[in-house]
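Tertiary structure, described
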Amino acid sequence: RCLLLFFAANLSYGTSMAVKLASLAFLKRIPKRVNLNATFSSLSCANVVHINSETDHTPSKSADFESKIQFLKNKLHPDILVHVLDSTTDVNSSLKLFKWASLQKTFKHNVDTYYLMILKLGLAGNIEEMEGFCNEMLKEKCPGFDEAFLGLIECLVRNDRLDEALRVLSCMNSSSFKPSIGVFNIVMGALLVAKRDFKDVLFVYKEMVKVGIVPNVETLNYLLEALLEDDRVGTALEQYRRMNKKGCSPNSRTFEVLISGLIARERIDESLLLLDEIFELRCEVDLS
C-alpha cells in the first residue's frame, strides 16, 4: 500500500510539472520568429498534457487571488502576467486575471498572454471563450499571431482537443495568414485516428480550399480514407480518378487505403482492378 501511494504521489507531481514546463518552453520560444514554411512553427507544445479537470475547475482561494492582483498592480507587464497566469492552475481564476489586466489603462496584451490564455481555455474545453480570444488576438493585430495559431493547433491536436483545434483553425483562416498544407494534413490525420465523423474531415478540406491551398497526395489519401469510412465508395473512387487533375499521382498509401477499403466492403472485383493499376504504374507497395 505504501509503495502504491508513493507512485501515485510521484505521478501527480510529474503531470503538473509537465504542464508547467511545456508552457514555459513556449514562452521562451515565442519571441523568436521562426520558419513558417515548416509543417508547424517551433512553438510546438508537444509535451503539454490534459489539465487535471478536478484541479482545473476548483475555485482558488480568495486570498491567493487577491495577492496576485496586488502583485500585478505594482508591476503589470505582459511577461510578468504570463508567469502569474502560468502559476495559476484554476482556469476561472486565470480568466479573471486576464480580464482584469485588460481593463488597466496602461496595459496591452501581446501574443504571449493571448496564447497562454487561449491554450488554457482550449485544454479545459471552454470553446466559446477560447474562440473569442482568438478573434480578439486577430483584431488587436498582435505581432506573431500566425506563429501562435500554429502552436495552438498543434498543442490541441496532440492533447486530443480536436473540436477546439477545428475552431482555432477556422479563426486562423479568417486572417490574412496562409499556412502550409502540412497544418491541414495533420488535423485531418488526427480526425481519422480518432474516428471522427466525415463532416469534420470535410470541414478541414473545405477550409483548406477556402484559403487557396492546393491539396497534395497526403491530403487526398486522407480524404479517400474518410470517404470509405463513411461508406461513400463511389465518391472515393471518383476522387481517385480525378487525382491527376489536381496535380497529384497516387502513391503506395493511396492503393493501400483503396484496396483495403474495397476488400472490407466485399468489393473484390474493383480491388483487383486497382491491383492491376499498381503493376501498370510500377508502384512499390507493402506486399502484405
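Residues numbered from 1 in each chain as written. Predicted model: local features only at pLDDT ≥ 70, side-chain atom pairs only at ≥ 80, totals over all residues. Heavy atoms only, no water.

What about the environment of Leu-152?
Mapped onto the fold, Leu-152 is located in helix H8 (residues 145-158). Residue Leu-152 is classed as buried on the basis of its relative accessible area of 0%. In sequence terms Leu-152 and Glu-164 are 12 residues apart; their C-alpha atoms lie 9.4 Å from each other. Those residues in contact with Leu-152 that lie beyond four places of it in its chain are Tyr-115, Ile-118, Leu-119 and Val-168. (Helix = DSSP H or I, 4+ residues; strand = E, 2+ residues; numbered from the N terminus. Buried < 20%, exposed > 50% of the residue type's maximum accessible area, 1.4 Å probe, protein only. Contact = heavy atoms within 4.5 Å.)

Some details on the side chain of Glu-164
Following the sequence through the fold, Glu-164 ends up in helix H9 (residues 162-173). On the basis of relative accessibility, which here comes to 5%, the residue Glu-164 falls in the buried class. The residues contacting Glu-164, other than those within four sequence positions of it, are Gly-122, Gly-125, Ile-127, Met-130 and Leu-156.

Remarks on the nonpolar core
If you look at the biggest cluster of nonpolar residues, it comprises 83 residues, and the most contacted ones within it are Met-137 and Phe-149. When neighbours within four sequence positions are excluded, Phe-149 is seen to be in contact with Cys-134, Met-137, Leu-138, Val-168, Cys-171 and Met-172. (Core = buried A, V, L, I, M, F, W, Y, C linked by side-chain atoms within 4.5 Å.)

Here we look at the pattern of salt bridges
With the rule as written, the count across this model stands at 18 salt bridges. Linking Arg-167 and Glu-131 is a salt bridge whose minimum nitrogen-to-oxygen distance equals 2.8 Å. Residue Arg-167 is located in helix H9, and its partner Glu-131 is located in helix H7 (residues 127-139); the two are separated by 36 residues in the primary sequence. For Arg-167, a relative accessible area of 24% corresponds to the partly exposed category. (Salt bridge = Lys/Arg side-chain N within 4 Å of Asp/Glu carboxyl O.)

What to know about the side chain of Thr-88
Turning to its location among the elements, Thr-88 is positioned in the loop between helix H4 (78-86) and helix H5 (91-102). Accessibility expressed as a relative area gives 3% for Thr-88, which makes it buried. There is a polar contact of 2.8 Å between the side chain of Thr-88 and the side chain of Lys-68. Beyond its immediate sequence surroundings of up to four residues, Thr-88 is in contact with Lys-68, Ser-93, Ser-94, Leu-97 and Lys-120. (Polar contact = N/O pair within 3.5 Å; in protein donor to acceptor, adjacent residues only side chain to side chain.)

No statement about biological role is implied by the geometric values presented.
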